[in-house]
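# What the coordinates show
One letter stands for each residue in the lines below.
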Amino acid sequence: MSAPTVYEWAGGAKALRRLTEVFYDRVLEDELLAPVFANISPKHREHVALWLGEVFGGPSTYTAELGGYPAMLGHHIGLGLTEQQRARWAALIAASADPAGLPHDPEFRSAFVAYVEWGTRIALANSQPGATPPTEAPLPHWGWGEAPPYQPS
């Protein structure tokens, strides 16, 4: 039996949408992050859910409709994010997984948090003055790494 994708295990599009709702409600109340997101589009939460869905093995909607990896990198250009903001973003999204009803198993949380750490560090680097993200790059696809979910036979 093959392992499900991280997207499938998470609960698909609805679960990731719940995650972004819980998460961005917290972001907009956070003194460190609220200023960064004060003027985000009403579609931002949905777009981030689509991004996470594609990264975790779901439909390629973000690439098809929103420009893929180069577009995501481009959204961070010139923001001048700090390490403190990056770390808070990562901590808040990880803490939003439980109230959003995402799986509790350590394998899922490990894959989820690993991607968040990796992705936020790339966002941080590409937000700095003079950063030049690649104009052509495939969207990353994140899997289980070394610990796929335990599935009893």
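Residues numbered from 1 in each chain as written. Predicted model: local features only at pLDDT ≥ 70, side-chain atom pairs only at ≥ 80, totals over all residues. Heavy atoms only, no water.

### A few points about the side chain of Ser96
Convention followed: Here a strand is any run of E in DSSP of at least two residues, a helix any run of H or I of at least four, and the numbering for each starts at the N terminus. Type-normalised accessible area, obtained with a 1.4 Å probe on protein chains alone, sets the label of each residue: buried when under 20%, exposed when over 50%, and partly exposed for intermediate values. Contacts between residues were defined by any pair of non-hydrogen atoms, one from each residue, lying within 4.5 Å.
The topology assignment puts Ser96 in helix α7 (residues 83-96). Taking the relative accessible area as the measure of exposure, Ser96 reaches 0% and is therefore buried. Not counting residues up to four positions away in its chain, the partners in contact with Ser96 are Leu19, Val22, Phe23 and Arg26.

### Quick word on the nonpolar core
This is how it is decided: Side-chain atoms within 4.5 Å link the members of a nonpolar core, which is a set of buried Ala, Val, Leu, Ile, Met, Phe, Trp, Tyr and Cys residues.
If you look at the biggest cluster of nonpolar residues, it comprises 36 residues, and the most contacted ones within it are Leu19, Trp51, Leu52, Phe56, Trp89, Ile93 and Phe112. Mapped by element, the contributors of at least two residues to this core are α1 (6-10), α2 (12-27), α4 (44-55), α6 (68-74), α7 and α8 (106-126). Among the elements that make up this core, the one with the highest residue count is α2 (7 residues). For Trp51, the contacting residues outside a window of four places in its chain are Tyr62, Gly68, Tyr69, Met72, Tyr115, Leu139 and Pro140.

### What about the pattern of salt bridges?
Convention followed: Whenever a carboxyl oxygen of Asp or Glu lies within 4 Å of a side-chain nitrogen of Lys or Arg, that contact is scored as a salt bridge.
Under the counting rule described, the total for this entry stands at 9 salt bridges. Residue Asp25 pairs with Arg45 through a salt bridge whose shortest N-O separation is 2.9 Å. Of this pair, Asp25 sits in helix α2 while Arg45 sits in helix α4; the two residues are 20 residues apart in sequence, bridging distant segments of the chain. Where Asp98 meets Arg109, a salt bridge forms, and the shortest distance between an N and an O atom there is 2.7 Å. With Asp98 in the loop between α7 and α8 and Arg109 in helix α8, this pair connects stretches of sequence that are 11 residues apart. By relative accessible area, which is 17% here, Arg109 ends up buried. Overlapping salt bridges bring together Arg17, Glu21, Asp25 and Arg45 as one network.

### Describing the packing of α7 against α8
Heads up, the condition is: To define axes, lines are fitted to C-alpha atoms, for helices over the stretch in contact only, and angles between the resulting N-to-C directions are given on a 0 to 180 degree scale. Here is the rule for angles: anything less than 35 degrees is roughly parallel, anything more than 145 is roughly antiparallel, 65 through 115 is roughly perpendicular, and the remaining ranges are oblique. A crossing counts as left-handed when the near helix is turned anticlockwise from the far one by less than a right angle, and as right-handed when that turn is clockwise.
Relative to each other, α7 and α8 sit at 155°, their axes nearing to 10 Å. Taken together, the axis directions place α7 and α8 in an arrangement best described as roughly antiparallel. As α7 packs across α8, the resulting crossing turns out to be right-handed. Note on element contacts: α8 touches α7 through Arg109, Phe112, Val113, Val116, Glu117, Thr120, Arg121 and Leu124, opposite Glu83, Arg86, Trp89, Ala90, Ile93 and Ala94.

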